[in-house]
Amino acid sequence: MKFKNFPIYRIEWVTSAFLIGTAFLSLTVVPWFLWTQFNLPVDAANKVHGWGFVWALFVFYYYATGFGITLGYHRLFSHISFKAKWPVKLFVLLFGAASFENSAHDWCADHRIHHKHVDEDEDPYDISKGFFYAHIGWLLFRLKPPAPITNVKDLEADPLVMWQHRYVQWIGAFVGFVVPAILGYAYAKIFYPEYDNAGMTALAAFLIAGLLRTVVVQQGTFCINSLCHMIGRQPYSTDHSARDSGAVALLTFGEGYHNYHHEFQHDYRNGVKPWQFDPTKWIIWTLSKVGLTEDLRRVPDSRIMAAELKEKSRTLGRDIDSLAARLDERSRELKAKTITAAHELATELARRAEALKEAAATKADVAHETMVELRGLLNQAASYLEVLRRADAGSAA
Ligand SMILES: [Zn+2]
Ligand SMILES: [Zn+2]
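(A) Quick peek at the overall build of the chain. The number of helices and strands found in the chain is 16 helices and two strands. For the chain, the spread of C-alpha atoms along the three principal axes comes to 80 × 55 × 55 Å. If you take every contact in the chain between residues at least 6 apart in sequence, the share linking residues at least 24 apart comes to 73%.

What follows is the structure in structure tokens.
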């Protein structure tokens, strides 16, 4: 694209200035501030007192605004994967605003289109337009004029959501920037009255728990739209680009299991296996135990297993063939039995997936033993692949 053809009129100036400005300040002013503070003598007039409190505030805000997005905007409002009482709604709306990712109303409208048209041109953060576009580009400039919002009628009937939508910038600025500064100020006033420079602690709280935290939480969210459509595993479906990434889950309160999420978007869990890191799921479950959330939606294990079996049967034959093709003549003969067995297993997996899907459709119970047996078949598939992978490494050496 020639520069003179760049659609300048499509630039979102306010959003761009905010995103680029906060990121720039976090990379320049924040480290400079930390460095100069570190080198100041204890009794200097502009020395910050109460760093422990400032960092605790950072951690609190990181989690509160992060859960505002993952638990609130995403799993509650976009997907209605559970119901929540008003204190939970109010909390996620206040701290969701303080993450500066738009109002819940607008965020959900975009997100519902993302699920409906994933990887297509209508997808607001379509990964086929590249990493940069899916990560942040779509916010900096709009390729097309925004379409009227019609897919969040349910949210428009919720007065709390609409109140946040109307005042989101004010709520965000107050909760996200002003409150940390006030808390920093109050802390220094109470615990370090002898220095009489509480304004410095207020400034530190603003820079660390306000500014820096905003950038960290936003980049985490953006990684879901970019990295989780590029790197990771696809155990549940290869019909779309979404992937499961444990590493991204660590940064995003459990949202990294994105392949599962795109396949079963109404499940309140994203990390569905017991060992997966999904603190958003743990909080929703814990809140349900004290009556603050209810009607947690779960996809039955048999349907999840059917998806896994189908996907494995689809990929097993293909992976075995490509691995076998890379073996030299002698190793291929040695492994002929494994190759045949793997192909038979792929057929078997497809048959079992079909049977499970039928059972799920008629709501028939699936015995625990059957599920254990099916899990065994999936492990068997993995071990065949491992045998050939080793043979491949051996023949390459
Ligand atoms: Zn996605
Ligand atoms: Zn989603």
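What follows picks up the thread again.
(B) Broad picture of unusual backbone geometry. Here Ile80, not a glycine, exhibits a phi torsion of approximately 45°, which is positive. With 15 C-beta atoms packed within 10 Å, Ile80 lands in the partly exposed category.

(C) View of the domain arrangement of the chain. Taken domain by domain, the chain consists of domain 1 (3-294) and domain 2 (301-396). Distance from the C-alpha centre of domain 1 to the C-alpha centre of domain 2: 39 Å. Listed as interface residues are six residues of domain 1 and, on the opposing side, five residues of domain 2. In terms of residue class, the side of domain 1 that touches domain 2 is made up of three nonpolar, two polar and one charged.

(D) The arrangement of the environment of Pro87 in detail. With respect to the element layout, Pro87 can be found in helix 4 (residues 86-97). When the C-alpha positions of Pro87 and Arg297 are compared, they lie 20 Å apart, and in sequence the two are 210 residues distant.

(E) The packing of helix 3 (residues 51-78) against helix 5 (residues 104-116), seen in detail. With their axes 10 Å apart at the nearest point, helix 3 and helix 5 run at an angle of 60° to one another. Between helix 3 and helix 5 lies a crossing whose hand is right-handed. Here Gly72, Tyr73, His74, Phe77 and Ser78 of helix 3 come into contact with helix 5, specifically with Ala104, Trp107, Cys108, His111 and Arg112. Of the residues that constitute the contact of helix 3 with helix 5, the class distribution is five nonpolar, four polar and one charged.

(F) Representation of the packing of helix 2 (residues 29-38) against helix 9 (residues 198-225). Taken N-terminus to C-terminus, the directions of helix 2 and helix 9 make an angle of 160°; their axes are 11 Å apart at the nearest point. As summarised for this structure, helix 2 and helix 9 are arranged roughly antiparallel, according to the angle between their axes. Here the hand of the crossing between helix 2 and helix 9 comes out left-handed. Every residue of helix 9 that contacts helix 2 at Val29, Val30 and Phe33 is listed here: Leu207, Leu211 and Leu212. For the contact of helix 2 with helix 9, the per-class residue count stands at six nonpolar, no polar and no charged.

(G) How the structure looks around the nonpolar core. If you look at the biggest cluster of nonpolar residues, it comprises 46 residues, and the most contacted ones within it are Ala104, Cys108, Ala205 and Ile208. Those elements giving two or more residues to this core turn out to be helix 3, helix 4, helix 5, helix 8 (159-191) and helix 9. With sequence-adjacent residues up to four places away left out, Ala205 is seen in contact with Val54, Leu57, Pro180, Ala181, Leu183 and Gly184. In this structure, Cys228, Val248, Tyr257 and Ala391 belong to the second largest nonpolar core, which totals 30 residues.

(H) Geometry of the environment of Leu327. Locating Leu327 in the fold gives a position in the loop between helix 13 (301-326) and helix 14 (329-334). The class of Leu327 is partly exposed, set by 19 C-beta atoms lying within 10 Å. Separated by 65 residues in sequence, Leu327 and Asp392 place their C-alpha atoms 5.5 Å apart.

(I) Here's a closer look at the environment of Ala45. Structurally, Ala45 can be placed in the loop between helix 2 and helix 3. The exposure class assigned to Ala45 is exposed, which follows from the 9 C-beta atoms found within 10 Å. The sequence separation of Ala45 and Glu101 amounts to 56 residues, and the corresponding C-alpha distance is 37 Å.

Rules behind the numbers
- Residues numbered from 1 in each chain as written.
- Chains lettered and ligands numbered in written order.
- Predicted model: local features only at pLDDT ≥ 70, side-chain atom pairs only at ≥ 80, totals over all residues.
- Helix = DSSP H or I, 4+ residues; strand = E, 2+ residues; numbered from the N terminus.
- Contact = placed C-beta atoms within 7 Å.
- Buried ≥ 20, exposed ≤ 12 C-beta atoms within 10 Å, placed from the backbone.
- Domains from an automatic or database assignment.
- Nonpolar A, V, L, I, M, F, W, Y, C, P; charged D, E, K, R; others polar.
- Axes fitted to C-alpha atoms, helices over the stretch in contact; angles between N-to-C directions.
- Left-handed = near helix turned anticlockwise from the far one by under 90°.
- Parallel < 35°, antiparallel > 145°, perpendicular 65-115°, else oblique.
- Core = buried A, V, L, I, M, F, W, Y, C linked by C-beta atoms within 7 Å.

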